[in-house]
Amino acid sequence: METLIQDLRYGFRSLLKSKGFTFVAVLALALGIGANSAIFSVVNSVLLRPLPFERPEELVAVQGRNERDGSLFTEHSYPNYVDLRDQSQSFAHVVAYSPTTAFITGGEEPERVRGVIASADLFPMLGVQPVLGRVYTREEDKPGVQRTIVLSYGLWQRRYGADPKIVGQEIPLGSTPAVVLGVMPQGFKYPLGGNDNYEFWMPLANAMSQSDLTGRGSVFLPIAARLKQGVRVEQAQAEANTIAARLAMQYPATNTGQGYALKALHENLVGDLRPALLVLLAAVGCVLLIACANVANLLLARAAARHKEISIRTALGASRWRIIRQLLTESLLLALMGGALGLLIAMWGIDLLLAATPADLPRLNEVTLDGRVIAFNAAMTLLTGIVFGLAPALQASKADLNEALKDGGRVSGEGGRRSKLRGALVVAEVAISLVLLVGAGLLVQSFMRLLNVTPGFDAERVMTLDLVAGRRKYPDSAQQTALIQNLLQRTSALPGVEAVGVVNPLPLNGNFDAYNFAFPGRAAFAPGEEPNADRRIISPDYFRAMSIALQRGRAFSDRDARDAPPVCTINETFARRYFADTDPVGQRIAFTDAPDAPAREVVGVVADVRHAGLDAPAGLEYYVPYSQAAFGRLTLVTRTASQDPASIMPALRSLIREIDKDLPLWNVRTMNTLMSESVARRRFNMILLGIFALVALLLASLGIYGVMSYTVTQRTHEIGIRLALGAQPPDVLKMVLKQGMLLAAAGVALGLVCSFALTRSMSSLLYGVSATDPATFGLITLLLVLVAFAANYIPARRATRVDPLTALRYE
């Protein structure tokens, strides 16, 4: 222990004597360790930390599986959910749910809140108890009974002042009150996904229409379940397959070809994020490796300067292990200081990450600097201290006493082994930098190609807002249609409005409404092989409001009323697939979007729209007039003359309040904002990896510069002799540049091999560009070579200015 204390004291004194070296080394390590800790905090919260529920390993997501092509889907019908719940023996609880919204009235201001309608097994499945009151039961999860509600802790605190007497009270929820049964604990959130703060839970069956309760074609409910203790996923999967086969026999029209796929709930939640987060963690780890290589090079240079000191200590009886231990102690002190500062940088970096992270990243609110992150930081600190300190310590401890103790011995004599080690570190830095730069280059090119995708509409000068024509206030479809017609007419008359329409669902908002279809007069599709298409409910002027091109036929008009013959418009993909040899206009298609729905006549074909995302091709889609379809929620789309579409919002809000002061409206945003949000994850990945790559490039260039500067300093005497014997400055420039560029070339070659091998793991993050794109590899290689040349040129240029007389006296 006394020896260790001596080593620590000596190490501190030694580092304090070299303040510049200590500052640079600690800062480099702090940046590397801090960035790693910040990224790990996200990985920890999203990928590693178990779900915050009782025995989370028993929770599974129940996905649907199309047996024809193996594709998965997440939503089910209510009757299928009930059959799975009642027929399964492997599950302790089976839950169906759906996010919803509601307006809480009463008090000073009505408030729109997000909530969930869920079956009564939700809370027992999660093993969570309310902090106040109770949760609803299956008896309350039935149609036609008194509406009940469970509040979130936040809503209870904010809206009701944490009133303990809230249980049993009726609160106005839209046009119908609901009885408060209980309050959930602080932080409780389910379903988990994105950053939606769900603020109430209500019984599922009580909130659904009769057609949704009985229709197996009404598919909109995700399902989760808890396995019984001791039951493995494989057993539950086998039973689910049996139930699916039984339902397919009983209900061939809707269930043929449909199975179930069970997946751990945690994996289902974060599975698609895993590649991106692991790539970012690997990238920031590479930055730390480069920082360690730079610090190792600094330590090698410092050890060369201390060569005589170490030799004297060896001559006085210090063992090699004693020298290594002392040098490793100094390395660990550097690492500890870098780790402590890195922890502060991580705290700041986490705040930056949370501000820049896409809003739909699940479990984002759980990202904290917890014990696991601190332990990771400590492990990284210890590991880096050993990694960058061990090789210099081993080299420095090999003292040549005869050479080192000569009065005239120059430190240049140490060049062999240490020079090769410094060169190897530079090669590694360049190689790692090239891998990061290529990865960042691929993401940048991918993102730029994504932004250049034509979405099928013009997002400029378009304002959108969601509104709900509640069935309790507008129970009749004719009343809903009259409301929307009045709103469209009066909105189109506002100053600055060029076109206005309504749609459900809006492109890029993540919602879909798919229905099977058939062609009257043609051979029927085989059971289980019926195709489906996404339905969009629109107003006649919607295509003009969104600048969606009409390719053939006509758009809807006011004559397509409820009592008129049913019509539809299809997209180009639909027309190409099913009407390649004939004109689709005038053809008839029977969709299952309503009970006993008559076939619709195709009156037009419009351009494809990328509804699912800019990186997803258009699927089969059809449009129907809002006057011929049931709806509750629509999105108002307004194209303005002003470049700032938000400028019409005051007048539009005032108009809507005149029409119906209680008409709920929210999600007020521009179409450009929605497009930006749809690529937020790709932008986040690109920016972070780009930052790491630029930091790596900077560190690598500094590493090359540092090694070549040190080499020039060590070879000053040699260079002076060369110049005195007649060598010209260009010869010296060429000699030094050749040495540095050979190291850079070796690093580039190694980096290219690694890049070809490693960038394939990024394929799922790319769009429109190959993971081995030659143009990206070529441009990045050229960039790195130019940077390496600049880093070599500066010390090489300095070498040409050596004064031979001064150099010959150089020690």
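To be clear, the structure that these remarks concern was listed above.
Residues numbered from 1 in each chain as written. Predicted model: local features only at pLDDT ≥ 70, side-chain atom pairs only at ≥ 80, totals over all residues. Heavy atoms only, no water.

With that settled, consider helix 20 (residues 649–659). Taken residue by residue, helix 20 has Met649, Leu652, Leu655, Ile656 and Ile659 as its buried positions. One side of helix 20 holds all its buried residues, which, seen down the axis, span an arc of 125 degrees. Residues of helix 20 that are exposed and point over 90 degrees away from its buried face: Pro650 and Glu658. Elements that come into contact with the buried residues of helix 20 comprise strand 14 (462–468), helix 17 (477–492), strand 23 (633–640) and strand 24 (665–670). (Buried < 20%, exposed > 50% of the residue type's maximum accessible area, 1.4 Å probe, protein only. Helix = DSSP H or I, 4+ residues; strand = E, 2+ residues; numbered from the N terminus. Arc of directions from axis to C-beta. Contact = heavy atoms within 4.5 Å.)

On to the nonpolar core, then. Ranked by internal contacts, the top residues of the largest apolar core, which has 150 residues, are Tyr190 and Trp201. With 17 residues, the top contributor of residues to this core is helix 11 (residues 274–305). Counting 44 residues, the second largest nonpolar core, distinct from the first, contains Ala469, Val500, Phe519 and Ile570. (Core = buried A, V, L, I, M, F, W, Y, C linked by side-chain atoms within 4.5 Å.)

Overall, the coordinates contain 22 salt bridges when judged by the stated rule. Between Asp83 and Arg216 there is a salt bridge, with its nearest N and O atoms 2.7 Å apart. With Asp83 in helix 3 (residues 78–87) and Arg216 in the loop between helix 7 (210–214) and strand 11 (219–221), this residue pair connects regions lying 133 residues apart in the sequence. Residue Asp121 pairs with Arg138 through a salt bridge whose shortest N-O separation is 3.0 Å. Highlighted residues: Asp121 in the loop between strand 5 (111–118) and helix 4 (122–126) and Arg138 in the loop between strand 6 (132–133) and strand 7 (148–151), separated in sequence by 17 residues. Since its relative accessible area comes to 10%, Asp121 is described here as buried. Taken together, the shared-partner salt bridges connect Glu54, Arg55, Glu58 and Arg226 into one network. (Salt bridge = Lys/Arg side-chain N within 4 Å of Asp/Glu carboxyl O.)

In this section: unusual backbone geometry. The step from Tyr190 to Pro191 runs through a cis peptide bond, and the omega angle for that step is 5 degrees. If you trace the backbone, Pro191 turns up in the loop between strand 9 (176–183) and strand 10 (200–203). Looking along the chain, the bond that leaves Asn504 and enters Pro505 is cis, with omega of -5 degrees. Inspection of the secondary structure assignment puts Pro505 in the loop between strand 15 (497–504) and strand 16 (514–518).

Next up on the list: the environment of Arg639. Structurally, Arg639 can be placed in strand 23. Separated by 95 residues in sequence, Arg639 and Arg544 have C-alpha atoms that sit 8.7 Å apart. Residues in contact with Arg639, not counting those within four places in the same chain, are Asp458, Glu460, Arg461, Val462, Gly496, Val497, Glu498, Ala499, Arg544, Ala545, Met546 and Ser547. Within polar-contact distance, the side chain of Arg639 engages the backbone oxygen of Asp458 at 2.6 Å. (Polar contact = N/O pair within 3.5 Å; in protein donor to acceptor, adjacent residues only side chain to side chain.)

Here we take up a nonpolar patch on the surface. A cluster of nonpolar side chains, Phe23, Val24, Leu27, Leu31, Leu298, Leu341, Leu344 and Met347, forms an exposed patch at the surface whose accessible area comes to about 710 Å². Of all the elements in the fold, those that place two or more residues in the nonpolar patch are helix 2 (19–48) and helix 13 (320–356). Top contributing element to the nonpolar patch by residue count: helix 2, with four residues. Secondary-structure assignment places Leu27 in helix 2. For Leu27, a relative accessible area of 35% corresponds to the partly exposed category. (Patch = residues over 30% accessible without salt bridge, like charges linked within 9 Å, V, L, I, M, F, W, Y side chains within 5 Å. Areas by Shrake-Rupley, 256 points an atom, 1.4 Å probe, with all protein chains shown as cover.)

What follows deals with the packing of helix 22 (residues 680–714) against helix 24 (residues 729–758). Between helix 22 and helix 24, the least distance of the axes is 11 Å, while the angle of their chain directions is 140 degrees. Considering their axes alone, helix 22 and helix 24 lie oblique with respect to each other. Regarding helix 22 and helix 24, the two cross each other, and that crossing is right-handed. Where helix 22 approaches helix 24, its residues Met708, Thr711 and Val712 are matched on the opposing element by Val736, Gln739 and Gly740. When grouped by side-chain class, the residues that make up the contact of helix 22 with helix 24 number three nonpolar, three polar and no charged. (Axes fitted to C-alpha atoms, helices over the stretch in contact; angles between N-to-C directions. Parallel < 35°, antiparallel > 145°, perpendicular 65-115°, else oblique. Left-handed = near helix turned anticlockwise from the far one by under 90°. Nonpolar A, V, L, I, M, F, W, Y, C, P; charged D, E, K, R; others polar.)

A few words on the packing of aromatic side chains. The description of two aromatic rings rests on the distance between their centres and on the angle between their planes. All told, the structure shown has 23 aromatic pairs when counted by the stated rule. Following the ring pairs from residue to residue traces out a cluster consisting of Phe517, Phe519, Phe525, Phe574, Tyr578, Phe579, Phe591 and Tyr622. The ring of Tyr251 carries the charged tip of Arg216 above its face, separated from the ring centre by 3.5 Å. Between Arg522 and the ring centre of Phe519, over which it is positioned, the NZ or CZ distance is 4.2 Å. (Phe/Tyr/Trp six-rings, centres within 6.5 Å; stacked < 30°, edge-to-face > 60°. Lys NZ or Arg CZ within 6 Å of the ring centre and 35° of its normal.)

A separate point is the environment of Val95. When you line up the elements, Val95 lands in strand 4 (residues 91–104). Residues Val95 and Pro52, 43 residues apart in the sequence, show an inter-C-alpha distance of 17 Å. Beyond its immediate chain neighbours, meaning those up to four positions away, Val95 contacts Tyr81, Ser119, Asp121, Leu122, Met125, Pro222, Ile223 and Ala224.

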